[in-house]
Amino acid sequence: MQQVNFGIIGLGTVGSGVFDALKLNGDLLSSRIGVRVQIGRIAVRSIKKCSSKIPRNLLTENWRELIDDQKIQIIAELVGGTTIAREIVLAALKAGKPVITANKALISAHGEELFAAAKKFGTNLYYEASVCGGIPIIKSLREGFVGNRINALYGIVNGTCNYILTRMKLEGADFAGVLADAQRLGYAETPPDLDIDGHDAAHKIGILASLAHGFWVNPKKIHVEGIRHVSALDIKFAGELGYTIKLLGIVKKCSSACRVQVSVYPTLIPNSHVLASVNYAFNAVFVHGDVVGDSLFYGRGAGKDPTASAVLSDIADAALDLKFSNKHRIPPFVPHECEGAVLPIEEVVSQYFVRLNVADKPGTLAKIAAIFGQSNIGISSVIQPEGHEGKSVPLIFMLHYATNGAVQNALKKIGKLPVVKGKPVMLRVENFEK
Ligand code: HSE
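Here the structure is a predicted model, which is why all the values come from computation and not from measurement.

The rules we used
Residues numbered from 1 in each chain as written. Predicted model: local features only at pLDDT ≥ 70, side-chain atom pairs only at ≥ 80, totals over all residues. Heavy atoms only, no water. Near = heavy atom within 4 Å. Polar contact = N/O pair within 3.5 Å; in protein donor to acceptor, adjacent residues only side chain to side chain. Areas by Shrake-Rupley, 256 points an atom, 1.4 Å probe, with all protein chains shown as cover. Nonpolar A, V, L, I, M, F, W, Y, C, P; charged D, E, K, R; others polar. Salt bridge = Lys/Arg side-chain N within 4 Å of Asp/Glu carboxyl O. Buried < 20%, exposed > 50% of the residue type's maximum accessible area, 1.4 Å probe, protein only. Pairing = 2+ DSSP bridges. Helix = DSSP H or I, 4+ residues; strand = E, 2+ residues; numbered from the N terminus. Contact = heavy atoms within 4.5 Å. Axes fitted to C-alpha atoms, helices over the stretch in contact; angles between N-to-C directions. Domains from an automatic or database assignment. Phe/Tyr/Trp six-rings, centres within 6.5 Å; stacked < 30°, edge-to-face > 60°.

### Overview of the site of the ligand
At step 1: Lining the immediate environment of the ligand, one finds K104, V157, N158, G159, T160, Y187, E189, D195, D200, K204 and A302.
At step 2: Between T160 and the ligand, the recorded distance is 2.6 Å, taken from a side-chain N or O atom to an oxygen atom.
At step 3: Between the ligand and the protein, one listed contact pairs an oxygen atom with a side-chain N or O atom of D200 at 3.3 Å.
At step 4: Coverage of the ligand by the protein amounts to 92% of the 260 Å² it exposes when considered alone.
At step 5: Its residues assigned to classes, the shell around the ligand shows three nonpolar, three polar and five charged.

Okay, structure coming up:
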């Protein structure tokens, strides 16, 4: 059997997961693809700190040795970050070696440059592990759905936020306590701001949007809101209305040609929708293709083993490139929609949940409803809970379809009314209507 040697650069959680998974299933993988896959070298920051189970003869502290070593045919960049990681990936591609990365921040920020380099040097860059760990969503979009236009894609792609929102809903737990648990369990990034402010999800959703729509999505164009401002009250009222709040990545084709909504924000989704049942640290991606219809992918989005599983699948692809040449395969990213662009959030149309804290006196509702009316925004329902105490009361509106720009403007005016106390809370509602 032909043998392929690959080099691992970075032996943190993901790198050691790959080492263990290959020990467990390396023979199985090799017999399935007809190529013996072997670890040739491993570059680490400090050999002294490396676990004793790693054979010393494999180790080096100089990653460039792996790039220059003719016997190392594939490079797995597992160091993280966007500086040295970019240098490693570019150097390996330049050497004509297929590269594997688990690095979503790198792909999100530099994908366009890196895929262009892969093309220039006649090799491939694989990145299955960069989005949703164990869920093979990249390969599914690239190969399984190659004959579909992706009209809509909705993703619960951040385990930390999903874990926090699930426990807030099911246990009435408070945000800070649950975040500490998520950190202890190893779901959250360090610092956790990347997770809870939505940026980790935006990296992943931008990559999926680029792949689905064939133009590279500039991460700066993605509208991102995290979950810091989601309160127990919002979760409670959303529940009373039949909704669950999830941090949802949305990639949706708009009616205007080549414009795509790409956003991440806490969203009310109907309890009856399958994504509402995706709980704790699990991830899920719901895809609507014009030929296939609805599909759901569910699994673990992070952690040593699910991520290692994705890296192994990329190793298999890279090894097959070497066996058969990569000319016969669908490249990992092919630009094909050159006119494509992200629709600015102000122009995105959705439904809304608005929670206000208002003075409990006659005329309050009329003043607020008048502003929505003047802004041409329809109200679909209103709740004011009975049995409240004190001088102010929560007032919840569900709004019909309107642009984000129109709703933001109306809320600015409403926020200035003397009867409205504090800043209006606005969350979007996704009813998955086609
Ligand atoms: N911190 C991420 C999450 C995992 O919570 O989903 C890695 O992307």
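That was the structure; now back to the text.
### As for the pattern of salt bridges
At step 1: All told, the structure shown has 23 salt bridges when counted by the stated rule.
At step 2: A salt bridge links D27 to R36; its shortest N-O distance comes to 3.4 Å.
At step 3: Overall, the relative accessible area of 29% leaves R36 in the partly exposed class.
At step 4: Between E143 and R142 there is a salt bridge; the shortest N-O distance is 3.1 Å.

### Brief notes about the sheet that holds strand 1 (residues 2–9)
At step 1: Strand order in the open sheet formed by six strands is 3-2-1-4-5-6, with parallel pairing between adjacent strands. Bordering the open sheet on either side are strand 3 (59–60) and strand 6 (125–126), each of which pairs with just one other strand.
At step 2: The pairing of strand 1 with strand 2 (residues 35–43) spans eight bridges and is parallel. Following the sheet pairing, Q2 is matched in strand 2 by V35.
At step 3: Each of strand 1, strand 2, strand 4 (74–77), strand 5 (99–101) and strand 6 is contacted by helix 11 (residues 304–324), which is oriented at about 135° to strand 1, the strand it contacts most.

### Topic: the domain arrangement of the protein
A common way to state how big an interface is: give the accessible area lost once the parts meet.
At step 1: Split by domain assignment, the protein resolves into domain 1 (2–133 + 304–323), domain 2 (139–301) and domain 3 (345–429).
At step 2: Here the C-alpha centroids of domain 1 and domain 3 sit 51 Å apart.

### Some words on the packing of aromatic side chains
At step 1: Counted according to the given criterion, the structure contains twelve aromatic pairs.
At step 2: Ring geometry for F145 versus F297: centroids 6.1 Å apart, planes at 80°, classification edge-to-face. One end of the pair, F145, is in the loop between helix 5 (137–144) and strand 7 (150–156); the other, F297, is in strand 12 (residues 293–300), with 152 residues separating them in the sequence.
At step 3: Taking 4.8 Å as the distance between ring centres and 5° as the angle between the ring planes, the aromatic pair formed by F282 and Y298 counts as stacked. With F282 in strand 11 (residues 282–289) and Y298 in strand 12, this pair connects stretches of sequence that are 16 residues apart.

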